[in-house]
Amino acid sequence: MNVVERFLNYVKFDTQSDELTNLTPSTPGQMIFAQALEKELQKMGLKDITLDDNGYLMATLPSNTDHKVPTVGFISHLDTSPDMSGRHVNPRIVENYDGKDIVLNKENNIVLSPSEFPELLDYVGQSLIVTDGNTLLGADDKAGIAEIITAVEYLMAHPEIKHGDIRIGFNPDEEIGLGAHKFDVKQFAADWAYTMDGGAIGELEYENFNAASAKVTFKGRNVHPGYAKHKMINSIRIANQFCIMLPRWETPEHTEDYEGFYHLVGFEGSVEESKLTYIIRDHNMDRFERRKKELEHLVRKINHEFPDCASIEIKDQYYNMREKIEPVMHIIDIAKQAMENAEVTPKVQPIRGGTDGAQLSFKGLPCPNIFAGGLNFHGRYEFVPIPSMEKATNVVVEICKLVEKA
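These figures come from a predicted structure and were not determined experimentally. (Residues numbered from 1 in each chain as written. Predicted model: local features only at pLDDT ≥ 70, side-chain atom pairs only at ≥ 80, totals over all residues. Heavy atoms only, no water.)

A. How the structure looks around the packing of aromatic side chains. Enumeration according to the criterion identifies eleven aromatic pairs in this entry. Seen from their ring centres, Tyr56 and Phe183 are 6.1 Å apart, and the 80 degrees between their planes marks the pair as edge-to-face. Remark: Phe183 occurs in the loop between strand S8 (166-171) and helix H4 (185-188) and Tyr56 occurs in the loop between strand S1 (47-51) and strand S2 (57-61); sequence separation between them is 127 residues. By relative accessible area, Phe183 is classed as buried at 3%. Against the face of Phe33 rests Lys142, its NZ or CZ located 5.4 Å from the ring centre. Cation over ring: Arg291 sits above Tyr262, and NZ or CZ is 5.0 Å from the ring centre. (Phe/Tyr/Trp six-rings, centres within 6.5 Å; stacked < 30°, edge-to-face > 60°. Helix = DSSP H or I, 4+ residues; strand = E, 2+ residues; numbered from the N terminus. Buried < 20%, exposed > 50% of the residue type's maximum accessible area, 1.4 Å probe, protein only. Lys NZ or Arg CZ within 6 Å of the ring centre and 35° of its normal.)

B. Up close: the packing of helix H1 (residues 3-10) against helix H3 (residues 139-157). Look at H1 against H3: their axes get within 9 Å of each other, and the N-to-C directions meet at 140 degrees. When the axes of H1 and H3 are compared, the pair comes out oblique. H3 is crossed by H1, and the crossing has right-handed handedness. On H3, the residues touching Val3, Arg6, Phe7 and Tyr10 of H1 are Ala139, Lys142, Ala143, Ile145, Ala146, Glu147, Ile149, Thr150 and Glu153. The class makeup of the residues in the contact of H1 with H3 is eight nonpolar, one polar and four charged. (Axes fitted to C-alpha atoms, helices over the stretch in contact; angles between N-to-C directions. Parallel < 35°, antiparallel > 145°, perpendicular 65-115°, else oblique. Left-handed = near helix turned anticlockwise from the far one by under 90°. Contact = heavy atoms within 4.5 Å. Nonpolar A, V, L, I, M, F, W, Y, C, P; charged D, E, K, R; others polar.)

C. Highlighting the pairing of strand S11 (residues 210-219). In terms of burial, S11 is a largely internal element, eight of the ten residues being buried. Here S11 pairs with strand S13 (residues 273-282) via ten bridges, running antiparallel. Note that in S13 the partner of Val216 across the bridge is Leu276. Strand direction decides the pairing type here: S11 and strand S14 (residues 310-318), joined by eight bridges, are antiparallel. If you follow Ala212 over to S14, its bridge partner there is Asp316. (Pairing = 2+ DSSP bridges.)

D. Representation of the pattern of salt bridges. The full count for this structure, using the stated rule, is 14 salt bridges. With a closest N to O distance of 3.2 Å, Glu289 and Lys292 form a salt bridge. Of this pair, Glu289 and Lys292 both sit in helix H6 (residues 285-305), three residues apart, roughly one helical turn. Given the relative accessible area of 10%, Lys292 is considered buried. The partner of Lys391 in a salt bridge is Glu343, with the nearest N and O atoms 3.9 Å apart. Taken as a pair, Lys391 in helix H10 (residues 386-405) and Glu343 in the loop between helix H8 (330-341) and strand S15 (347-348) lie far apart in primary sequence, 48 residues in all. (Salt bridge = Lys/Arg side-chain N within 4 Å of Asp/Glu carboxyl O.)

Shown next, in the form of structure tokens:
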């Protein structure tokens, strides 16, 4: 089975994660998918296959060389984003893309257009897999799973390619930030690994945001508006006042590259009580800490004007993996060389987000991130160029070759 056939089969599984269930995996579809993959790996003849009650699937392709070789791992996640439905995904292949608008859904006038997504023009002449406009596609990260398994199958079919032990792992709930929480690094037993969870072809990432969440609560006092003078405290208005106290340009829609931000992701309220939910992001740890302190400072300012009105709860989520990767930069050099061997130009860049690899790196498993090929994740305009998936598969094979020769 080639990588495209695998991918088209995998996207049939509804594996949206859900941060509200407090379960692992957070949704039953992820376990159903993991069980299907387990059977596939068993049929292929892989060893040490384990699937635990939390939906973490691991397996080994044993070494076929007579000398000691580091064990390298490849990891992808089972779930798709809660941001849009992943049920009844109906993918379509656009052959030899001509650079024009792609009508995803004629009835609802949903169009994937290079005028809105200019990156499409990078793939003129290539075949693309797109949605029907009603769901996301699921290339994040079922493309990564398909690429890893296809690469392993290729190595099994070509025993003349020497390699050490290769570990593969598929985990739930990456999209809700919990993918690495119950990942057993000791059981995985790799010297290092790569998440196949990046975007466009060539991406290689070993820097990511430091991340925290902040919940700010405002207590008000509701009084009949006809008699409210000097009595009412409208928590909605105070929450809005807090919002505009933050730097206007330090938001996701105004930042790029290494620029951090405050991102308001939730606002609920009434006169009596309002709550704001923010995520805080910055690549630089000092700036990251200053951002958290700024929110606390603004809460104090609000309370100076409205005593005991505001409170804040800040929780760190993950940290920049760069500090864990820099001592073992040879694993980046290997990935870059593997891309070049596969005729892919490496694009080393920071992740403007998080990755399971960041958390795994801090758990003792250095784990940079490699492209899986998809673009426009988490929505109806998601697509993946077929040649990008094929190249990603080749990169996995080339890494295994290089590790054996190192």
